[in-house]
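These are the residues of each chain, in order.
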Amino acid sequence: AQSVSQHNHHVILSEAASLELGCNYSYGGTVNLFWYVQYPGQHLQLLLKYFSGDPLVKGIKGFEAEFIKSKFSFNLRKPSVQWSDTAEYFCAVNAVDTGFQKLVFGTGTRLLVSP
Amino acid sequence: DAGVTQSPTHLIKTRGQQVTLRCSPKSGHDTVSWYQQALGQGPQFIFQYYEEEERQRGNFPDRFSGHQYPNYSSELNVNALLLGDSALYLCASSFGRYQETQYFGPGTRLLVL
């Protein structure tokens, strides 16, 4: 069975600081990987996704993530955070070779950016 | 272009009651998945519907059931509610039966007293 670990449960940063949120998954087969974000009072929105190809994917609002297959990781990065990035971030994995679309989520990381 | 919509937004029920939650997928999408998000946790997969059939099911008891209509809208039914069923219930839609990006609705927050 697949599982996802997000090791940082709470992160506090000042504006303009760099961000890296860790995500590790456990599944030996082919995966699709996602980062979703939930801003306060809003619904889950897709930040970025990796299906295949270039392991460095760019998403909305200046976020990017790198898929490192050997480390089973898909860490999220942003070079300079803004106050508006305050949100909860979820990493999710889909096992491609099951033929199904089930997403397995991590427990999320709450990011607080202070102005 | 309407996104995923869910109703109601909030619901309060008592133990033992039954509840029905509704979801309309994003325009052009034909696959609906349901997730339960308990407080402080990530969403957990309940089941997925495609072509009006349940395609895949997560680790949830039979008290959780669903339905998909010909217009692709979907319902989630929970019978014999328990206190532990209190959560945010999320609907996600996508296109086709294979791996595609899922787009989430705002959710229905259920409180069981």
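Residues numbered from 1 in each chain as written. Chains lettered and ligands numbered in written order. Predicted model: local features only at pLDDT ≥ 70, side-chain atom pairs only at ≥ 80, totals over all residues. Heavy atoms only, no water.

**Looking at the environment of glycine 62 of chain A**
Residues and elements named next belong to chain A.
Piece 1. Tracing the backbone shows glycine 62 in the loop between strand E7 (56–58) and strand E8 (64–68).
Piece 2. With 15 residues separating them in the primary sequence, glycine 62 and arginine 77 have C-alpha atoms 8.7 Å apart.
Piece 3. Residues in contact with glycine 62, not counting those within four places in the same chain, are Arg77, Lys78 and Pro79. (Helix = DSSP H or I, 4+ residues; strand = E, 2+ residues; numbered from the N terminus. Contact = heavy atoms within 4.5 Å.)

**What to know about the confidence of the model for chain A**
Piece 1. Overall, the prediction assigns chain A a mean pLDDT of 94, with 100% of residues at 70 or greater.
Piece 2. Averaged pLDDT values for the elements of chain A fall to 95 in strand E1 (residues 3–5) of chain A and rise to 98 in strand E9 (residues 73–78) of chain A. (pLDDT = per-residue confidence, 0-100.)

**What about the state of the cysteines?**
Piece 1. Across all of its chains, the model carries two disulfides over all chains by this definition.
Piece 2. Disulfide pairing places cysteine 23 of chain A opposite cysteine 91 of chain A at an S-S distance of 1.9 Å. Since a negative S-S torsion denotes a left-handed disulfide, the cysteine 23 of chain A-cysteine 91 of chain A link at about -65° is left-handed. One end of the pair, cysteine 23 of chain A, is in the loop between strand E3 (19–21) and strand E4 (24–26); the other, cysteine 91 of chain A, is in strand E10 (residues 87–95), and 68 residues separate them in sequence.
Piece 3. On the basis of relative accessibility, which here comes to 0%, the residue cysteine 23 of chain A falls in the buried class.
Piece 4. Judged by relative accessible area, cysteine 91 of chain A falls into the buried class, the value being 1%.
Piece 5. Across the disulfide from cysteine 23 of chain B sits cysteine 91 of chain B; the S-S distance is 1.8 Å. Taking the torsion about the S-S bond as the criterion, the cysteine 23 of chain B to cysteine 91 of chain B disulfide, at about -60°, is left-handed. (Disulfide = S-S within 2.5 Å. Buried < 20%, exposed > 50% of the residue type's maximum accessible area, 1.4 Å probe, protein only.)

**Quick notes on the packing of aromatic side chains**
Piece 1. In total, this model carries 15 aromatic pairs over all chains according to the counting rule given.
Piece 2. Judged by centre distance (6.4 Å) and plane angle (85°), the rings of phenylalanine 90 of chain A and phenylalanine 105 of chain A are edge-to-face. Of this pair, phenylalanine 90 of chain A sits in strand E10 while phenylalanine 105 of chain A sits in strand E11 (residues 104–105), placing them 15 residues apart in sequence.
Piece 3. On the basis of an interplanar angle of 90° and a centroid distance of 5.8 Å, the ring pair of phenylalanine 105 of chain A and tyrosine 35 of chain B is categorised as edge-to-face. Of the two residues, phenylalanine 105 of chain A is situated in strand E11 and tyrosine 35 of chain B in strand E4 (residues 31–37); the pairing between them involves two chains. Of the two residues examined, phenylalanine 105 of chain A and tyrosine 35 of chain B, each falls in the buried class.
Piece 4. Grouping aromatic residues by their ring pairs yields a cluster made of Phe34, Tyr36, Phe51, Phe90 and Phe105 of chain A together with Tyr35, Phe45 and Phe104 of chain B. (Phe/Tyr/Trp six-rings, centres within 6.5 Å; stacked < 30°, edge-to-face > 60°.)

**Describing the sheet that holds strand E1 (residues 5–7) of chain B**
Residue and element names in this part refer to chain B.
Piece 1. Strand order in the open sheet formed by four strands is E1-E3-E8-E7, with antiparallel pairing between adjacent strands. Either end of the sheet is taken by a strand with one partner, and the two such strands are E1 and strand E7 (64–68). Taken over all neighbouring pairs, the strand axes of this sheet differ in orientation by 20° on average, direction set aside.
Piece 2. Relative to strand E8 (residues 74–78), strand E3 (residues 19–24) runs antiparallel, the two sharing five bridges. Its bridge partner being in E8, valine 19 is matched across the sheet by valine 78. (Pairing = 2+ DSSP bridges. Axes fitted to C-alpha atoms, helices over the stretch in contact; angles between N-to-C directions.)

**What about the environment of threonine 101 of chain B?**
Piece 1. On the secondary structure map, threonine 101 of chain B appears in the loop between strand E9 (87–94) and strand E10 (103–104).
Piece 2. Of the residues examined, threonine 101 of chain B reaches a relative accessible area of 4% and is grouped as buried.
Piece 3. Separated by 12 residues in sequence, threonine 101 of chain B and leucine 113 of chain B place their C-alpha atoms 35 Å apart.
Piece 4. A distance of 2.8 Å separates the side chain of threonine 101 of chain B from the side chain of lysine 49 of chain A, its partner in a polar contact. (Polar contact = N/O pair within 3.5 Å; in protein donor to acceptor, adjacent residues only side chain to side chain.)

**Description of the pattern of salt bridges**
Piece 1. The full count for this structure, using the stated rule, is eight salt bridges over all chains.
Piece 2. Between glutamate 88 of chain A and arginine 110 of chain A there is a salt bridge, with the nearest N and O atoms lying 3.5 Å from each other. Remark: arginine 110 of chain A occurs in strand E12 (residues 109–114) and glutamate 88 of chain A occurs in strand E10; sequence separation between them is 22 residues.
Piece 3. The class of arginine 110 of chain A is partly exposed, set by a relative accessible area of 45%.
Piece 4. Taking the shortest distance from any N to any O, the salt bridge between arginine 63 of chain B and aspartate 85 of chain B comes out at 2.9 Å. In this pair, arginine 63 of chain B is assigned in the loop between strand E6 (53–57) and E7 and aspartate 85 of chain B in the loop between E8 and E9, connecting sequence segments 22 residues apart. As far as the burial class goes, arginine 63 of chain B and aspartate 85 of chain B line up, both buried.
Piece 5. Several salt bridges converge on common partners, so that one network encompasses Lys58, Glu64, Glu66 and Arg77 of chain A. (Salt bridge = Lys/Arg side-chain N within 4 Å of Asp/Glu carboxyl O.)

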